[in-house]
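Structural description and commentary
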Amino acid sequence: MSIAVLTNVRTDTFFLALWVAYYGNLFGRENLHIMLDGDDWTPQVDLSGVNLHVVPDVPRERTLRLGFTSRWQSRHAAGLLKGGTDLVLRTDIDEFVAADPASGMDLPALLASLPEGAAAAALGLDVIQAPEEGPLDTARPILAQRRHAILTREFCKLVAIRRHVRWMGGFHRARNVDIDIQPGLLLFHLALFDRAVAGARIDQRKSTAEHATQGTHIAQRLSRFDEVAGPNPPAFDMVAASARAHVMTSLPSRTGPHPGHIPDGNSPRGHHLRLPDRMADLLPAPSAAHPLILQPKAMP
């Protein structure tokens, strides 16, 4: 099966390098497609062999930007499928899709099992550094160090398609597409997996023009570190099945189903839980991205 992986990015060195390292290792760099948001910045990452698409006219206001990006990527994904690609996997730059080892498959095999015409969502896990978790060790796998997450409808996103869809702004769903969370398919959202990384990311984004709505959105998310401060979170396997069922009990709207709410969680967004040991090695160590980060050239 031919699989293309699609994302978009703006001034985000750490996650761009990690995204290319992770998905390039799984699917080949030649199958990665990156929409570069704006022509007013230069990625400081080795993107050789990757399909780059510089889009200069992306609106800066957040709502307009999300709508523009979802339309552009919907068209691009449709073109890939029409051109012979069997499946498009689409994520944000800080989202990493993996197969639960309990499924007995790795990610390429799980995606290959999706039938023709599929439009599959993943079970969304917002990984957040907990108070007792120490500084990041770049030589160790991320999920060996970060075991707390919020299982939330927010990140139960439509990620894998074998037919044309029209993603809605934010890529949480698509127009008139049912919410179908594929068993064993996981999405790890890493924006807050480490306080230091999150702070450095905010600082870097200030180096290019951004609308105030984008800065406000990012700053408001920092309060989410408090969501994993509670003691004794339940294990993933205690709540995952029921949460999946709740999210798939979708909410109707004029543009199609929305992911359903999780009514019995211990957090306003869903379940604060602890990830199982079997997931510790699913994502790479941050050092896997280091060789891709370009160093500034010395002045003569």
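The structure contained in this document is the topic of the report that follows.

What counts as what
- Residues numbered from 1 in each chain as written.
- Predicted model: local features only at pLDDT ≥ 70, side-chain atom pairs only at ≥ 80, totals over all residues.
- Heavy atoms only, no water.
- Helix = DSSP H or I, 4+ residues; strand = E, 2+ residues; numbered from the N terminus.
- Rg over C-alpha atoms; globule rule 2.2 N^0.38 Å.
- Buried < 20%, exposed > 50% of the residue type's maximum accessible area, 1.4 Å probe, protein only.
- Core = buried A, V, L, I, M, F, W, Y, C linked by side-chain atoms within 4.5 Å.
- Salt bridge = Lys/Arg side-chain N within 4 Å of Asp/Glu carboxyl O.
- Expected span 1.5 Å × (residues − 1).
- Contact = heavy atoms within 4.5 Å.
- 1 Å grid on protein atoms, 1.4 Å probe; cavity = no way out; pocket = protein on both sides within 12 Å on 5 of 7 lines; lining within 4 Å.
- Points joined across faces, edges and corners; volume = space filled by probe spheres on them.
- Nonpolar A, V, L, I, M, F, W, Y, C, P; charged D, E, K, R; others polar.
- Polar contact = N/O pair within 3.5 Å; in protein donor to acceptor, adjacent residues only side chain to side chain.

What follows is about the overall build of the chain. Secondary structure assignment for the chain yields 7 helices and 10 strands. Whereas a compact globule of 300 residues would reach a radius of gyration of roughly 19 Å, the chain reaches 18 Å, a difference of no more than 12%. Viewed in the frame of its principal axes, the chain has a C-alpha envelope of about 60 × 45 × 40 Å. Across the 300 residues of the chain, 55% fall into the buried class.

A negative phi angle is the norm for most residues apart from glycine, just as the trans form is the norm for most peptide bonds. A positive phi angle is found at Thr 11, which is not glycine, with a value near 40°. As for its placement among the helices and strands, Thr 11 is situated in the loop between strand E1 (3–9) and helix H1 (13–27). Unusually for a residue other than glycine, Asn 176 sits at a positive phi of about 55°. Within the secondary structure layout, Asn 176 lies in the loop between strand E8 (158–161) and strand E9 (181–192). We classify Asn 176 as exposed; its relative accessible area is 55%.

The subject of this paragraph is the nonpolar core. Ranked by size, the top nonpolar core spans 69 residues in total, and within it Tyr 23, Leu 89, Leu 111, Phe 188 and Leu 190 carry the most contacts. When residues of this core are assigned to their parent elements, the largest contribution, 10 residues, is made by H1. Residues Ala 4, Trp 167, Phe 171 and Val 177 belong to the second largest nonpolar core, which totals 14 residues.

Under the criterion given, the structure shown has 19 salt bridges. We note a salt bridge from Lys 157 to Asp 92, for which the minimum N-O separation is 3.1 Å. Of this pair, Lys 157 sits in the loop between strand E7 (148–152) and E8 while Asp 92 is found in the loop between strand E4 (87–90) and strand E5 (95–99), placing the two residues 65 residues apart along the sequence.

For the rest of this paragraph, the subject is helix H7 (residues 236–248). An ideal rise of 1.5 Å per residue puts 18 Å on 13 residues; H7 measures up with 18 Å between its terminal C-alpha atoms. Buried within H7 we find Phe 236, Val 239, Ala 240, Ala 243 and Val 247. For H7, the secondary structure elements touched by its buried residues are strand E6 (119–128), E7, E9 and strand E10 (270–274).

Turning our attention to the layout of surface pockets. Of the pockets and cavities examined, the second largest pocket occupies roughly 170 Å³. Taken together, 13 residues form the lining of the second largest pocket, with Leu 123, Pro 183, Gly 184, Phe 236 and Arg 244 sitting closest to its centre. Of all the secondary-structure elements, those providing two or more residues to the lining of the second largest pocket are E9 and H7. Per-element accounting of the lining of the second largest pocket gives the leading share, 5 residues, to E9. Here the residues of the lining of the second largest pocket sort into 8 nonpolar, 3 polar and 2 charged.

Moving on: the side chain of Asp 126. The topology assignment puts Asp 126 in strand E6. A polar contact of 2.9 Å, which involves the side chain of Asp 126, links it to the side chain of Arg 269. When residues no more than four places from it in sequence are discounted, the contact partners of Asp 126 are His 148, Ala 149, Ile 150, Thr 152, Phe 155, His 189, Arg 224 and Arg 269.

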